[in-house]
Amino acid sequence: MSAENTEHCERLLDEAEYHGRCLAPGDPSAQRYLDRQVGKGKLIRPFRGMYARSASWEKLTPSQQHLHIVRALALKHPDWVFPHFTAAVAYGLSVSYADIGPVHRMVPKRAPRASSKDVRCHAAPHRAIHLVGGIKVTSFAQTVSDCLRSLDFANGVALADSALRISGMTSMQLCELLDAHVADGTHGIVTARRAACFADGRAESGGESIARAKMLELGFMIPDLQAEFPDPMSPRKVYRVDFCWNMPDGRIIIGELDGRDKYADPAKTGGRNTVDVLADERLRESRLSMYKHPIMRFSFRDVMDSNAFRKLLIGFGIPHLRRRASGEQILLVRDKDMMFEGIRCR
């Protein structure tokens, strides 16, 4: 390939990166050049017929990588509509990396399904279409309903929490949304309603949401979220903690979920380097320790290990759920009893 054509391909790659998408060239000669660059390790082929610079691709989160592929598909197929987890990622909903796999595409109900390992087709009647970031997706309400019915309780809580955070809805309104879009008896509706009932928009990350859901599944008292503590040395400054248990005997226990994104994600570090973030975190914990409250730190790996997480919660004295005489479980949420089995919402 001539130097001129090489420069042309590099410009195309620059343009694709600028618009947050993969490059899907239509020119066979350009594709041959790009394939050679893949062989050299300079480019990656994340989806058939699509290319991205390896160094740039590795810096993206799985959600961002998914959107890069989808934007390229939307450019190539402007009539395509993306539902389910693909639409959820476009809306910024919390979807676990394990569920960000194939691209989800909506097709007419009577059209033949052409699902593959890369594209999962959903045959559905006509649904409202919204444009989000240049991508045609199903409505927010439809997307949330579809996804919640496909998730287990913990991951459903993560998505439901983010839905409340983004939309400003209450958990009651989210349950009403489900009822409006999903009929009784539909597969997954019971778990979806439980997740919607338990949702709390104050949760700031999917990890925090899953941790809270696991606490419930393991039978422990549910903490308050994002409780505020003034800095004892500078009362105008306030520290928020991930979890806070206000115990019946007056004690307070603080819970903090350690996640790598707290130290690496620019959106959460404010552009600071890792050393500065860690220094600030040590100072923050030092100031919080002046309150003499126990601080339980744990990782997402701890959360996913039920035995380890149970031992940790017991070790810090977190109480189990209470039971009524009938045996029905109740839990403490914002100092009020909430019946979980009966799907009673806040």
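Attention here is on the structure that accompanies the text. (Residues numbered from 1 in each chain as written. Predicted model: local features only at pLDDT ≥ 70, side-chain atom pairs only at ≥ 80, totals over all residues. Heavy atoms only, no water.)

Looking now at the environment of R120. Considering the arrangement of structural elements, one finds R120 in strand 4 (residues 119-124). A sequence separation of 36 residues divides R120 from H84, and the C-alpha atoms of the two residues are 9.9 Å apart. (Helix = DSSP H or I, 4+ residues; strand = E, 2+ residues; numbered from the N terminus.)

We now examine the nonpolar core. F82, L159, L174, M215, W245 and F298 are the most contacted members of the largest nonpolar core, which totals 78 residues. Looking at this core element by element, the count peaks at eight residues for helix 7 (residues 153-167). (Core = buried A, V, L, I, M, F, W, Y, C linked by side-chain atoms within 4.5 Å. Buried < 20%, exposed > 50% of the residue type's maximum accessible area, 1.4 Å probe, protein only.)

We now examine the packing of aromatic side chains. Between two aromatic rings, the relevant description is the distance of the centres plus the angle of the planes. Here the structure, examined in full by the defined rule, presents seven aromatic pairs. Centre to centre, the rings of Y91 and F140 are 5.3 Å apart; their planes meet at 90°, and the pair counts as edge-to-face. Placement of Y91 in helix 5 (residues 84-91) and of F140 in helix 6 (residues 140-148) is noted, with a sequence separation of 49 residues between them. We classify Y91 as buried; its relative accessible area is 17%. Both rings, one in F243 and one in F298, keep their centres 5.9 Å apart while their planes meet at 25°; by these two values the pair is stacked. Note that F243 is positioned in strand 8 (residues 234-246) and F298 in strand 10 (residues 295-299), a separation of 55 residues in sequence. The class of F298 is buried, set by a relative accessible area of 1%. Put simply, the rings of F243, W245, F298 and F309 pair up and form one aromatic cluster. Geometry around F198 places R212 over its ring, the cationic atom sitting 4.8 Å from the centre. (Phe/Tyr/Trp six-rings, centres within 6.5 Å; stacked < 30°, edge-to-face > 60°. Lys NZ or Arg CZ within 6 Å of the ring centre and 35° of its normal.)

Where helix 7 meets helix 9 (residues 189-198), the axes come as close as 8 Å, and the angle between the chain directions of the two elements is 50°. The orientation of helix 7 with respect to helix 9, classified from their angle, is oblique. Considering the relative orientation of helix 7 and helix 9, their crossing is right-handed. On helix 9, the residues touching F153, G156, V157, A160 and D161 of helix 7 are T191, R194, A195, A196 and F198. Tallied by class, residues from the contact of helix 7 with helix 9 come to six nonpolar, two polar and two charged. (Axes fitted to C-alpha atoms, helices over the stretch in contact; angles between N-to-C directions. Parallel < 35°, antiparallel > 145°, perpendicular 65-115°, else oblique. Left-handed = near helix turned anticlockwise from the far one by under 90°. Contact = heavy atoms within 4.5 Å. Nonpolar A, V, L, I, M, F, W, Y, C, P; charged D, E, K, R; others polar.)

This part is about the sheet that holds strand 7 (residues 224-231). An order of 7-8-9-10 is seen for the four strands of this open sheet, with the pairing classed as mixed. Every other strand in the sheet has two partners, leaving strand 7 and strand 10 as the edge strands with one partner each. The sheet shows a mean angle of 45° between the axes of neighbouring strands, direction not considered. Packed on one face of the sheet, helix 10 (residues 206-217) meets strand 7, strand 8, strand 9 (252-258) and strand 10 and runs near 40° to strand 8. On the sheet, helix 15 (residues 306-315) packs against strand 8 and strand 10 and is oriented at approximately 175° with respect to strand 10. (Pairing = 2+ DSSP bridges.)

Take it as geometry only, folks, not as evidence of what the structure does.
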